[in-house]
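Summary of structural features
Listed here are the chains, written in short residue letters.
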Amino acid sequence: MVLGGSELGSEFARHDLIDEYRLYVHPVVIGRGTPALRPSDAKVALDLVETRRFGNGVVLLRYAKLAP
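Note that the structure is predicted; figures quoted are calculated from it, not measured. (Residues numbered from 1 in each chain as written. Predicted model: local features only at pLDDT ≥ 70, side-chain atom pairs only at ≥ 80, totals over all residues. Heavy atoms only, no water.)

If you trace the backbone, His 26 turns up in the loop between β1 (20–25) and β2 (46–53). Given the relative accessible area of 51%, His 26 is considered exposed. Counting along the chain gives 31 residues from His 26 to Gly 57, while the straight-line C-alpha distance between them is 7.0 Å. (Helix = DSSP H or I, 4+ residues; strand = E, 2+ residues; numbered from the N terminus. Buried < 20%, exposed > 50% of the residue type's maximum accessible area, 1.4 Å probe, protein only.)

Our focus in this paragraph is the pattern of salt bridges. For the structure on display, the rule yields six salt bridges. For Glu 11, the salt bridge is made with Arg 14, and the minimal N-O distance between the two is 2.9 Å. Here Arg 14 and Glu 11 lie together in helix α1 (residues 6–14), a separation of three residues that amounts to about one turn. Using a relative accessible area of 26% as the deciding quantity, one classes Glu 11 as partly exposed. In this structure Arg 14 comes out as exposed when scored by relative accessible area, which is 59%. (Salt bridge = Lys/Arg side-chain N within 4 Å of Asp/Glu carboxyl O.)

This is the structure in structure tokens:
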């Protein structure tokens, strides 16, 4: 299942239901924006498993959650 949005993503993260994070970085400087997830003190160990550059300059960073 793929989901998006800071509120829904934060709830899934809070309940430890996310196995993989896919971050799409857009090369635009806007100064402000909505955080991908709400602030949390929880630490999540991640492993970068894929990067992909698209023709429009967007970069995909795919991280898998490491087993505890």
